[in-house]
Amino acid sequence: MIKRALISVSDKTGIVDFARDLAELGIEILSTGGTAKLLRDAGIKAIDVADVTGFPECLDGRVKTLHPVIHGGILAIRDREEHQKTLEELKITTIDLVVINLYPFKETILKEGVTLEEAIENIDIGGPTMLRSAAKNHKFVTVVTDPEDYKKVVEEIKVQADTTLKTRYDLALKVFQHTSHYDALIASYLGKDKDILRETLTLTYEKVQDLRYGENPHQQAAFYREVGPQRGTLVEGIQLQGKELSFNNINDANGALELLKEFDEPTVVAIKHTNPCGVASGINIDEAYSKAFEADPLSIFGGIVASNDVIGEKTAERMKDVFLEVIIAPDFTKEALEIFSEKQNLRLIKLPHIKARGEKALDIKKVGGGILVQDTNKALIEELKVVTEAKPTKSQLEDLIFAFKIVKHVKSNAIVLVKDKQTLAVGPGQTSRIWALKNAIKNSQHILRGSVLASDAFFPFSDCVEEAAKEGITTIIQPGGSLKDKESIQACNEKGISMVFTGMRHFKH
Ligand SMILES: NC(=O)c1ncn([C@@H]2O[C@H](COP(=O)(O)O)[C@@H](O)[C@H]2O)c1NC=O
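Keep in mind that what you see is a predicted model, and the values were worked out from it rather than measured. (Residues numbered from 1 in each chain as written. Predicted model: local features only at pLDDT ≥ 70, side-chain atom pairs only at ≥ 80, totals over all residues.)

Draft legend 1. Summary view of the pairing of strand β11 (residues 303-307). For β11, the tally of buried residues reaches 5 of 5 residues, placing the bulk of the element in the interior. Judged by which residues are buried, β11 turns out to be covered on both faces: Gly 303, Val 305 and Ser 307 on one side and Ile 304 and Ala 306 on the other are all buried. Note that β11 and strand β12 (residues 324-329) share 4 bridges and pair parallel. Bridge pairing in β12 links Val 305 to Ile 327. Note that the unit made of β11, helix α13 (residues 313-320) and β12 has a crossover that is right-handed. (Buried ≥ 20, exposed ≤ 12 C-beta atoms within 10 Å, placed from the backbone. Helix = DSSP H or I, 4+ residues; strand = E, 2+ residues; numbered from the N terminus. Pairing = 2+ DSSP bridges. Right-handed = clockwise from strand over helix to strand, strands pointing away.)

Have a look at this one:
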């Protein structure tokens, strides 16, 4: 039976009504400074915690409820005789309901220009301590930290003068999830400039939405986000129209954005199953889109398109005729939106800071029994070195770098063929490099003569050079570093192909 409640809340939403309900049910209320004042101002009787502990709130509120009289009252095991005897001896009265929400640490660190001192002052100590005590002793004590739960708790008390054990268990679980999220945010804030690969890794995310299903219809799924603005990521995106994003949409759109961030000039990226199928830069977005579409008009069907500049009427007209799942851009003109409004299922995502490259971040892969963690692959080239007798021209070099930026984002083994800043062929995810090249050539709908070739990792043999020569490919970019580099260089020299080493590999698995 709930006889006594302790209420101490920072977020005072709904607390007056809740406390009034509790008081009307005959529950005695103990409370801390600001909360007690609010309740009394509303005509609700509240006893100051300081009167119970016999100790004033002190040190700017750093110590208010941290007292054995409070924690004994919460933690005592009600059906253990010794505990009851101790309570009597020490004159501790039990507390059956604990209502706490914490200092706004998250809101504080998200404020522009926040100082370390401000952040630290907003680390709640007494609140989590009481929450944890009450959650530990949930067999007897009800703990509420979310104003959303006030109503349910009152309803149950009205019926049986207490909550059910199931409710107390669920509320306790919610508390430990909440306090661990709260502490993880503190650790991540304090450690933000430190080595990211620490001895223990505490990650915390907040649910954005449940998804209809996962990668396949029989898999459950949800989308979680990191705390903070997350500029230039999908989390910041504003959906302007269309069906809800699916699991695969989000994954593919993320792939599109990561690749798009390699470019500053007007560029459009088309993605299928996280691999690019058409990428092009142009003097404007309209030209870039036309080239990206022409790169592979077949694969773009059902794809995801990301543009790093505003999409206008002309481009929208063209895009409208293709079945696309998602279009992402920093913005869309009014005319473009009107055109797209005819295709209600098409998802349009406005992403104002689409070029933002983000901070130091973790790249995480789930493996059985754990996770693999690395920092994100932000670099591109260690050092450009021409290794052949023939040298690439200036425009060939531009195409080579353009192609290398793309191949970095293609599943390994990967080959990309490019001409005039337009992909002519993409060979993703093969178990051998020569197959990646052969597939790229076979599936291309373009004449490849005069194109440039990028490979995500070194050539183990000279076979790729020989295959490239057959197609009239004129220049190659690859990391280099194979024991048999010499053979590939010699093959290039024999065929009059130029080759550039980057010194940096870009596997993507
Ligand atoms: N130090 C303590 O003993 C302590 N006890 C409770 N608090 C927090 O004080 C806040 C409520 O304060 P007030 O009722 O004065 O507005 C709550 O967020 C609660 O979690 C404390 N403050 C921070 O640690």
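Draft legend 2. Just the UniProt feature "domain: MGS-like" (unreviewed entry) in the chain, in detail. Here the UniProt feature "domain: MGS-like" (unreviewed entry) sits at residues 1-145. Within residues 1-145, the helical portion is 44% and the strand portion 14%, while the C-alpha atoms at the span's ends are 20 Å from each other. (UniProt positions renumbered as here; feature names shortened; annotations may be inferred.)

Draft legend 3. Molecular detail of the nonpolar core. In this structure, Ala 403 and Val 416 are the most contacted members of the largest nonpolar core, which totals 81 residues. Here this core takes 7 residues from helix α15 (residues 394-407), the largest share from any one element. The residue makeup of this core includes at least three contributed by each of domain 2 (234-350) and domain 3 (385-501). Aside from chain neighbours lying at most four places away, what touches Val 416 is Ala 403, Ile 406, Val 407, Val 410, Thr 423, Val 426 and Ala 454. Within the second largest apolar cluster, 41 residues are counted, among which are Ile 44, Ala 46, Ala 76 and Tyr 182. (Core = buried A, V, L, I, M, F, W, Y, C linked by C-beta atoms within 7 Å. Domains from an automatic or database assignment. Contact = placed C-beta atoms within 7 Å.)

Draft legend 4. The arrangement of helix α8 (residues 126-136) in detail. α8 sits mainly inside the fold: 8 of its 11 residues count as buried. Listing the buried residues of α8 in full gives Gly 126, Gly 127, Pro 128, Met 130, Leu 131, Ser 133, Ala 134 and Ala 135.

Draft legend 5. Inspection of the packing of helix α17 (residues 463-470) against helix α18 (residues 485-495) at higher detail. Between α17 and α18, whose axes approach to 8 Å, the crossing angle comes to 20 degrees. Judged by the inter-axis angle, α17 sits roughly parallel to α18. Viewed along their axes, α17 and α18 form a crossing whose handedness is right-handed. From α17, Val 465, Glu 466 and Ala 469 reach across to α18, where they touch Ser 488, Ala 491, Cys 492 and Lys 495. Residues that form the contact of α17 with α18 fall into these classes: 4 nonpolar, 1 polar and 2 charged. (Axes fitted to C-alpha atoms, helices over the stretch in contact; angles between N-to-C directions. Parallel < 35°, antiparallel > 145°, perpendicular 65-115°, else oblique. Left-handed = near helix turned anticlockwise from the far one by under 90°. Nonpolar A, V, L, I, M, F, W, Y, C, P; charged D, E, K, R; others polar.)

Draft legend 6. Quick look at the environment of Gly 450. Note on placement: Gly 450 falls in the loop between α16 (433-443) and β19 (452-455). Considered as a pair, Gly 450 and Ser 299 are 151 residues apart in the sequence and their alpha carbons are 23 Å apart.

Draft legend 7. Representation of the sheet that holds strand β17 (residues 415-418) within the structure. Read across the open sheet, the 6 strands follow the order β16-β21-β20-β19-β17-β18; overall the sheet is mixed. Taken across any chain shown, the strands that pair with only one partner, and hence form the sheet edges, are β16 (385-386) and β18 (423-427). Strand direction decides the pairing type here: β16 and strand β21 (residues 498-501), joined by 2 bridges, are antiparallel. For Lys 385, the partnering residue across the bridge sits in β21 and is Phe 501. Strand contacts of α16: β17, β18 and β19, with the helix running at about 140 degrees to β18, the strand carrying the most contacts.

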